[in-house]
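As a plain string of letters, each chain reads:
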Amino acid sequence: MNFDLSGDQQAIQQLCREFAREVVAPQAEALDREAAFPYEIVTQMAALGLFGLPFPEEYGGAGADTVSYALAVMELARVDASVAITLAAHVSLGTSPFYLFGTAAQKEQFLVPLAQGRMLWGFGLTEPNAGSDAGATQTRAELIDGRWVINGTKAFITNSGTDITGGTTITAVTGRGPDNRPEISNLIVPQTTPGFTRSKKYNKMGWRASDTRELAFVDATVSEDCLLGPRGHGLRQFLTILDGGRISVAALSVGLAWGAYDEALKYAKARVAFGQPISKFQAIQFKLADMLMEIEHARVIVLKAAWEKDEGRDFALTASLAKLYSGEVSRRVVNEAVQIHGGYGFMDEYPVSRMYRDQKINEIGEGTSEIQRLVIARLMGL
C-alpha cells in the first residue's frame, strides 16, 4: 500500500497551491465582501487547464486522474471555498454529464469548450420542492413536433447565471414509465433558449463569490437532440453524477478545514497572552492536535474515494463516507479555529470568519449529512 503521490500529482498539487496563495488569497476577502464572481481568476484557471483536469486530452482536457483533481480542489478551498466550488461544480456537475452520457456530437459541441474553460455550465437537479427527494421533480418536458417544451423551476443552481455560462443541463419529467412512475430524463438547455430565465443571485451566507441562482422555464423549447443519454434514464444518470460530485465536495471540505487550521496555527503562534504565545498553552495545543488528526483522516478517505474511481472500482460507498465525514470535520475544525482566534475570529477581517460561513453548506450540498447516512445504510445492505 503506497500513500505517496505520483510526480504528476505532486506537480498539480504544487501548481494549485501556489496559484491559490499568490492569486486567489489576496482577493478572497474582497470577493466575499462584494459577492463578486471571480471572472479574472476563472480566466487564469482556464489557462492553467484546471477546468479540464480529469477529462481526456482528445476532448480538450488535461488527462489527469481524479486524485489530481481532488488535490486541486483541496488547495483552492484552502484559501477560498467560492473559487473551489466554481471549479468543483463545473467539473463534476456541469461537464461530467457530457463526458459520461453525451453523444459524439454533444461532446464535440459542449464537452470540448467546457473542458477548455471557455464557458461554464450548470446542472439543474434541485427544485423548491425537490431537494433530498430528487425523485419528486416537478419540472416537465413534453416532446411536441420534434422539440422539447419545458416548464418548471430549479433552485440553488451553481454557475448558472454568469456572463460566461453556456447553459444548464436539467432533470425533467418526460412521461410515465410502465409502472406509472415519473419518467425522468436529462435535457441540455443552452443559455439563449427562449423561455429560459435566471433570477438574480441569491444573497447567501457563504460561498458569496460563487454564482447561485433560481432558474425558470416557461415553454422553453429545445431541439429533440438536446436529450442527454437515453430517455427515462435521468434518475440513474444523476445518481452516478452525484457519486462523483461527492468526491468534489468532500475535497472542498478537507481544503476548507485545512485552511482554517493554517490560520489557527499561525494566529496561535503570534498571539501573546499571559506573557507567551497561546500556542504554548496545552488547551490550544490539544485543539490544534485534534484538528490536524481529523483533517488527516478526512484527507485520506477522500483520496481513497478518488483512487477507487480512477481504478474503475465501485466508489459509491467511500464517496458517501468521505462526503459525510469531511463535511462534519470541516464544521468542527472551523469552529475551533474561530475559538482559537477569540473575538478576532468574529471579525470579517480574519479569514476564519469567512470560512465559518462557507463551511455550513458542506453539510447540505450534494446530499445532506442525513441523506448520506441513508445512502451509506443502503449500501451496507440495511
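About the criteria used
Residues numbered from 1 in each chain as written. Predicted model: local features only at pLDDT ≥ 70, side-chain atom pairs only at ≥ 80, totals over all residues. Heavy atoms only, no water. Phe/Tyr/Trp six-rings, centres within 6.5 Å; stacked < 30°, edge-to-face > 60°. Helix = DSSP H or I, 4+ residues; strand = E, 2+ residues; numbered from the N terminus. Buried < 20%, exposed > 50% of the residue type's maximum accessible area, 1.4 Å probe, protein only. Lys NZ or Arg CZ within 6 Å of the ring centre and 35° of its normal. Patch = residues over 30% accessible without salt bridge, like charges linked within 9 Å, V, L, I, M, F, W, Y side chains within 5 Å. Areas by Shrake-Rupley, 256 points an atom, 1.4 Å probe, with all protein chains shown as cover. Salt bridge = Lys/Arg side-chain N within 4 Å of Asp/Glu carboxyl O. 1 Å grid on protein atoms, 1.4 Å probe; cavity = no way out; pocket = protein on both sides within 12 Å on 5 of 7 lines; lining within 4 Å. Points joined across faces, edges and corners; volume = space filled by probe spheres on them. Nonpolar A, V, L, I, M, F, W, Y, C, P; charged D, E, K, R; others polar. Core = buried A, V, L, I, M, F, W, Y, C linked by side-chain atoms within 4.5 Å. Contact = heavy atoms within 4.5 Å. Pairing = 2+ DSSP bridges.

Trainee: Honestly, the packing of aromatic side chains in this entry has me stumped. Any pointers?
Mentor: To describe a pair of aromatic rings, one takes the distance between the centres and the angle between the planes. In this structure the tally under the stated criterion is twelve aromatic pairs. Considering the side-chain rings of Phe-55 and Tyr-99, the 5.7 Å spacing of their centres and the 65° angle between planes classify their relative orientation as edge-to-face. One end of the pair, Phe-55, is in the loop between helix 2 (39–47) and helix 3 (66–77); the other, Tyr-99, is in helix 4 (residues 81–101), with 44 residues separating them in the sequence. In this structure Phe-55 comes out as buried when scored by relative accessible area, which is 2%. Judged by centre distance (4.8 Å) and plane angle (5°), the ring pair of Phe-196 and Phe-217 falls under stacked. Taken together, the positions of Phe-196 in strand 6 (residues 196–198) and Phe-217 in strand 7 (residues 212–223) put the pair 21 residues apart, joining distant regions of the chain. Grouping residues by exposure puts Phe-196 and Phe-217 together as buried. Members of the aromatic cluster, connected to one another through ring pairs, are Phe-55, Tyr-59 and Tyr-99. The ring of Trp-258 has Arg-78 sitting right over it, with the charged end atom 3.7 Å from the ring centre. When the ring centre of Phe-196 is taken as origin, the NZ or CZ atom of Arg-198, which lies over that ring, is 4.6 Å away.

Trainee: Looking at this structure, I do not really get a nonpolar patch on the surface. What am I missing?
Mentor: Together, Met-1, Phe-3 and Val-300 give the surface a local cluster of nonpolar side chains, amounting to about 410 Å² of exposed area. In this fold, Met-1 is placed in the segment before helix 1 (7–34).

Trainee: Just checking my understanding: could you explain the layout of surface pockets for this structure?
Mentor: Vacant regions in the atomic arrangement are exposed by a probe of water-molecule size rolled over the atoms. Of the volumes computed, that of the largest pocket is approximately 1300 Å³. As for the largest pocket, its lining consists of 50 residues, and the residues nearest its centre are Thr-126, Ile-364, Gly-365, Glu-366 and Gly-367. Within the residue set of the lining of the largest pocket, elements represented by two or more residues are helix 4, strand 1 (120–124), strand 3 (147–158), helix 6 (234–270), helix 9 (351–359) and helix 10 (369–379). In the lining of the largest pocket, the residues fall into 25 nonpolar, 16 polar and nine charged. If you add up the space inside the second largest pocket, you get close to 420 Å³.

Trainee: What is the right way to look at the nonpolar core in this model?
Mentor: The nonpolar side chains of a soluble globular protein tend to be buried with one another. Counting residues in hydrophobic clusters, the biggest one holds 74 residues, and the most contacted among them are Met-45, Leu-76, Leu-87 and Ile-340. Elements that contribute at least two residues to this core include exactly helix 1, helix 2, helix 3, helix 4, helix 6, helix 7 (282–310), helix 8 (316–341) and helix 9. Take this core: its biggest share by element is 13 residues, from helix 6. Beyond its immediate chain neighbours, meaning those up to four positions away, Ile-340 contacts Ala-264, Tyr-267, Ala-268, Ile-278, Ile-284, Lys-287, Leu-288 and Met-291.

Trainee: What exactly am I supposed to notice about the pairing of strand 7 here?
Mentor: In regular strands, side chains alternate between the two faces of the sheet. Bridge count between strand 3 and strand 7: nine bridges; the pairing is antiparallel. Considered in strand 7, the bridge of Gly-152 is made with Phe-217. Two elements, strand 6 and strand 7, share three bridges in a ladder whose sense is antiparallel. Considered in strand 7, the bridge of Phe-196 is made with Phe-217.

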